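Spelled out from the first residue to the last, the chains are:
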Amino acid sequence: MMGSSTSVPLVLEQVSKWYGNVIGINEATLSVEGGAVALLGPNGAGKSTLMKLITGQLRPSLGRVRVFGASPATPSSRRRVGYCPDVDAFYEEMTGRQFVKAMLRLSGYSSREAAKRTEESLEIVGMADRAEKIIRGCSKGMRQRIKLAQAIAHDPDLLILDEPLSGLDPVGRRDFCELFRKWTAAGRTILISSHVMEEVEAVAESVILVGGGRVLTQGTWREINRFLNDIPQRYRLTGSDVRGLAGRLLRWPGLVEVKLLGPTDCVVTTRDGSGLCDEIGQLVCDEGFEIDRLKQEGHWAETLFGLAREA
């Protein structure tokens, strides 16, 4: 059984959660020991259910969740966790400043301390000069900034972010990613779910892939890449004699499949992408095949999401 030391931000041990006959999470086991961790998976994979279990909004049907060694439902854990949900849950008639301060007051801070922390958090997320606007009239990007401000206002050790980059323009996404890097550099932990893959890849140090309510794999980007190397990858190949080249590739042991799309176009499937490039290069040099283009089809995330959908 995994340890549940108070120094470990997050541990799940054989956690399952079901809603009647529907299984939301199925025997999830994972550990987050620090830094920025990306939670990846397609819609319906179980990401939001996992986050609600971690923040104590849901209780597991089976298994155990520990946040810094305690149940996430306890006040001691909740004081150390900040949560930015994917859906809005504002008091729409308030201003952004009033909302953040109200959340701090409900958390037990004095009016003076709440006001101080409100201004600090609004400044960090770039909303200090726009926080007097009524939330109902705020843009999606402004609402995202207000949600993040309330999530960090109490200076939590673990920050749970569900699609925090949604609705932000490129400048906003860049600002948020820089903030996340500073947050982890200060020794805090972030669990971030997002479909904006480029930014997540730049911010997160490791990955948890979920699909079908299960944790499929967990590791650093390098470990995930090694995991992907065992999965067939598709390459689009164009050239003047693709049919002849495809016939020669059939002798190569690293080939999984080759599909002709026309006289000058085909798709090659292999588990050894670098080996494929070497083999094609050798055939070009030795036998004079002419290649116009060789390109991998799909981003690595598409491969991961494809696996998650099949889980």
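Just so you know, these numbers come straight off a predicted model, no measurement behind them.

Here we come to helix α5 (residues 140–152). The end-to-end C-alpha separation of α5 is 19 Å, in line with the 18 Å expected for 13 residues at 1.5 Å each. With twelve of 13 residues buried, α5 lies mostly within the body of the structure. Those residues of α5 not exposed but buried are G141, M142, R143, Q144, R145, I146, K147, L148, A149, Q150, A151 and I152. Residues of α5 that are buried in the fold lie against β5 (81–84), α3 (96–106), α4 (111–124), β6 (158–162) and α6 (170–185).

This paragraph deals with a nonpolar patch on the surface. A cluster of nonpolar residues, W18, I23 and L62, forms a patch on the protein surface that exposes about 300 Å² of accessible area. Within the secondary structure, W18 sits in strand β1 (residues 10–19).

It is worth spelling out the sheet that holds strand β11 (residues 255–262) at this point. Pairing is antiparallel across the open sheet formed by four strands, whose spatial order is β11-β12-β10-β13. Where the open sheet ends on each side, the last strands, each with one partner, are β11 and β13 (291–296). Between one strand axis and the next, the sheet turns through 20° on average, direction left out of account. In this structure, strand β10 (residues 233–239) lies alongside β13, joined through five bridges in antiparallel fashion. Along β13, the bridge assignment pairs T238 with R293. Each of β10, β12 (265–270) and β13 touches helix α10 (residues 273–287); the most contacted strand, β13, lies at about 175° to it.

Below, the discussion takes up the pattern of salt bridges. Applying the stated criterion across every chain yields a total of 15 salt bridges. A salt bridge links D129 to R130; the nearest nitrogen and oxygen atoms lie 3.8 Å apart. Across the pair E287 and R248 runs a salt bridge, and its minimum N-O distance is 2.7 Å. Placement of E287 in helix α10 and of R248 in helix α9 (residues 242–249) is noted, with a sequence separation of 39 residues between them.

Quick look at the environment of Y235 now. Along the chain, the position of Y235 falls in strand β10. Overall, the relative accessible area of 10% leaves Y235 in the buried class. As a C-alpha pair, Y235 and P253 span 18 residues in sequence and 16 Å in three-dimensional space. Setting aside its immediate chain neighbours within four residues, Y235 contacts C266, V267, V268, T270, G273, L276, L294, K295, Q296 and E297.

Strand order in the open sheet formed by six strands is β5-β6-β7-β3-β8-β9, with mixed pairing between adjacent strands. If you trace the sheet from one side to the other, it starts and ends with β5 and β9 (214–220), each paired once. With direction set aside, neighbouring strand axes in the sheet form an average angle of 15°. Two strands pair when backbone bridges link them, and strand β3 (residues 35–40) and strand β7 (residues 189–193) are joined in this way by five bridges, in the parallel orientation.

Here we come to helix α1 (residues 47–54). For an α-helix, 3.6 residues make a turn, and residues three or four places apart therefore share a direction. Along α1, six of the eight residues are buried, which leaves the element largely enclosed by surrounding structure. When α1 is considered as a whole, its buried residues turn out to be K47, T49, L50, M51, L53 and I54. Looking one or two residues past α1, G56 carries a phi angle of roughly 80°, positive in sign.

What follows concerns the side chain of R97. Summarising the element assignment, R97 is placed in helix α3. Discounting chain neighbours no more than four positions away, the residues touching R97 are T118, E119, L122, A128, A131 and E132.

We now examine the packing of aromatic side chains. In this structure the tally under the stated criterion is three aromatic pairs. An angle of 70° between the planes, with centres 5.0 Å apart, marks the rings of F90 and F99 as edge-to-face. Looking at F90, the relative accessible area reads 11%, which means it is buried. Relative to F99, the ring of Y91 lies with its centre 6.4 Å away and its plane at 55°, an arrangement referred to as tilted. Exposure remark for Y91: the relative accessible area of 42% places this residue in the partly exposed category. With relative accessibility at 4%, the residue F99 sits in the buried group. An aromatic cluster is built from F90, Y91 and F99, whose rings are joined through pairwise contacts. Lying across the ring of F68, R80 places its NZ or CZ 3.7 Å from the centre. A cation over an aromatic ring shows up here: R188 above the ring of W183, its NZ or CZ 4.2 Å from the ring centre.

Parameters and conventions
Along each chain, numbering runs from 1 in the same order as the chain's sequence is written. The predicted origin of the model limits local features to residues at a pLDDT of at least 70 and limits the giving and counting of side-chain atom pairs to 80 or more, whereas totals for whole chains, interfaces and linings rest on all residues. Calculated side-chain values reflect all of the structure's heavy atoms, with hydrogen atoms and water omitted. The secondary structure listing takes helices from DSSP runs of H or I that are at least 4 residues long and strands from runs of E that are at least 2 residues long, numbered from the N terminus. Any helix carries an expected span of 1.5 Å times its number of residues minus one. Partly exposed describes any residue whose relative accessible area lies between the buried limit of under 20% and the exposed limit of over 50%, with all areas from a 1.4 Å probe on protein chains only and scaled to the type maximum. Throughout, a residue-residue contact means that at least one pair of heavy atoms, one from each residue, lies within 4.5 Å. Patch membership requires more than 30% relative accessible area and the absence of a salt bridge. Residues of like charge join within 9 Å; the nonpolar side chains Val, Leu, Ile, Met, Phe, Trp and Tyr join within 5 Å. The method behind every accessible area is Shrake-Rupley, applied with a 1.4 Å probe, and residues are considered shielded solely by the protein chains displayed. A pair is scored as a salt bridge if a Lys or Arg side-chain nitrogen falls within 4 Å of a carboxyl oxygen belonging to Asp or Glu. Should DSSP find at least two bridges between two strands, the strands are regarded as paired. Working convention: axes come from line fits to C-alpha atoms, limited for helices to the stretch in contact. Angles between N-to-C directions cover 0 to 180 degrees. In this scheme Phe, Tyr and Trp rings, the latter by its six-membered ring, pair at centre separations within 6.5 Å, and the angle between planes marks the pair as stacked below 30 degrees, edge-to-face above 60, and tilted otherwise. To sit over a ring, a charge needs its Lys NZ or Arg CZ within 6 Å of the ring centre and within 35 degrees of the ring normal.

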